[in-house]
Amino acid sequence: MPQAILVRRTGGPEVLEYTEIDRSSPHAGELLVEAAAAGVNYIDVYHRIGLYPRELPFVPGLEGAGTVLAVGEDVSGFAVGDRVAWMGAPGSYARQVVVKADVAVRVPDGIGDEVAAAALLQGVTAHYLVTSTYPLKPGDTALVHAAAGGTGLLLVQLAKARGARVIGTVSTPEKEELARGAGADEVIRYTETDFTEETRRLTDGAGVEVVYDGVGATTFDGSLASVARRGMLVLFGQSSGPVPPVEPQRLSAAGSVFLTRPTSAHYTATPDELRWRAGEVYDAITSGALSVRIGATYPLADARTAHEDLQSRRTTGKLLLNTD
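Scoring rules and cut-offs
Residues numbered from 1 in each chain as written. Predicted model: local features only at pLDDT ≥ 70, side-chain atom pairs only at ≥ 80, totals over all residues. Heavy atoms only, no water. Helix = DSSP H or I, 4+ residues; strand = E, 2+ residues; numbered from the N terminus. Buried < 20%, exposed > 50% of the residue type's maximum accessible area, 1.4 Å probe, protein only. Contact = heavy atoms within 4.5 Å. Salt bridge = Lys/Arg side-chain N within 4 Å of Asp/Glu carboxyl O. Expected span 1.5 Å × (residues − 1). Arc of directions from axis to C-beta.

(A) Fine view of unusual backbone geometry. In this structure, Pro57 follows Leu56 across a cis peptide bond, with omega equal to -10°. When you line up the elements, Pro57 lands in the loop between α1 (42-49) and β4 (63-71). In this model, Ala146 sits at a positive phi of 50°, which is unusual for a non-glycine residue. One can find Ala146 in the loop between β8 (141-144) and α3 (150-161). Ala146 gets classed as partly exposed once you look at its relative accessible area, which sits at 38%.

Given below as structure tokens:
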């Protein structure tokens, strides 16, 4: 019987239980995959604590990479032995995962399973943020919060590739070095400097065309105050907690700015869109244009530690569980 992490009740990291689960078989439109790595993401925390409810008990995780063991009926484009990665497949904290073929992509030669898993969800997120949510162009200035995190490092690189000036926020000198290494033009240590005041100073008082904010509650007000007239605040996550309801008049007072709360499902609405975005991310990795930092890899049984580290903000880059 394959091992997995099971959540029987919502709560802190202590509810992540390493156990055995029944072996699954793929149904029509599905793949059974021998997983090599699973991505650890903040949405897994939201599921664990019940912020985004799931029926109990459940196996957490949505993202991973591995090798196809079996193919269900009505599946084309995949075969036993193919290396695949996926996002949006509940139950990914497991050694064997049933994955809908529509949320799977083939992994190119030259990209290992760990990098394939580390790059997919956060890479696709960064891709749609800079190409579709607010399509960056040369001359734009973007403020990227948590610029040394998994998504942040990819966002900085993709934003620079589109010709934007990037201001990143981080908490430590180590993280500042990582953000600058990814290409950030300016880095603000928010633990020492008010990021709103510094952003305004760095833009001669104008503010930035776009703020990419995956932090949420603790940064929202400052992010809104950092946006230029008719700019956009892209709230794509809430690692510090959900943002309270917003009075629309605040957007007018801030300069007729736009506020959006994107989610990956709406930017990977079809298999073709997912594979286009994933293909561009993987092509950039293969060419050397995009670097993926894996901050830490934990044994599957240590999922609790991975969640504790993620929530503590002690980490940089992407966190993975070794499910091989």
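From this point, the narrative continues.
(B) Spotlight on the side chain of Thr219. Take Thr219: it is sitting in the loop between β11 (208-213) and α6 (220-224). Taking relative accessible area as the criterion, Thr219 reaches 10% and is therefore assigned buried. Beyond its immediate stretch of four places on either side in the chain, Thr219 contacts His145, Phe195 and Asp213.

(C) Geometry of the pattern of salt bridges. Taken as a whole and judged by the stated rule, the model has 14 salt bridges. The partner of Asp113 in a salt bridge is Arg83, and the shortest N-O contact between them spans 3.2 Å. Of the two residues, Asp113 is situated in helix α2 (residues 113-133) and Arg83 in strand β5 (residues 83-87); the sequence distance between them amounts to 30 residues. The class for Arg83 is partly exposed, based on a relative accessible area of 26%. Arg180 is the salt-bridge partner of Glu176, the closest N and O atoms lying 3.0 Å from each other. In this pair, Glu176 and Arg180 both sit in helix α4 (residues 173-181), 4 residues apart, roughly one turn of the helix. Ionic contacts of the salt-bridge type, sharing partners, join the residues Glu176, Arg180, Arg189 and Glu192 into one network.

(D) Expanded view of helix α9 (residues 271-287). Over its 17 residues, α9 extends 24 Å from the first C-alpha to the last, a length consistent with the 24 Å expected when each residue adds 1.5 Å. Leu274, Arg277, Ala278, Val281, Tyr282, Ala284 and Ile285 are the residues of α9 that are buried. Relative to the axis of α9, the buried residues are bounded by an arc of 155° and lie together on one face. Structural note: α9 exposes Asp272, Asp283, Thr286 and Ser287 on the side pointing more than 90 degrees away from its buried face. The inward-facing, buried residues of α9 abut β5, β7 (104-106), α2 and α8 (264-267). Positive phi shows up at Gly288, right after α9, with a value of about 90°.

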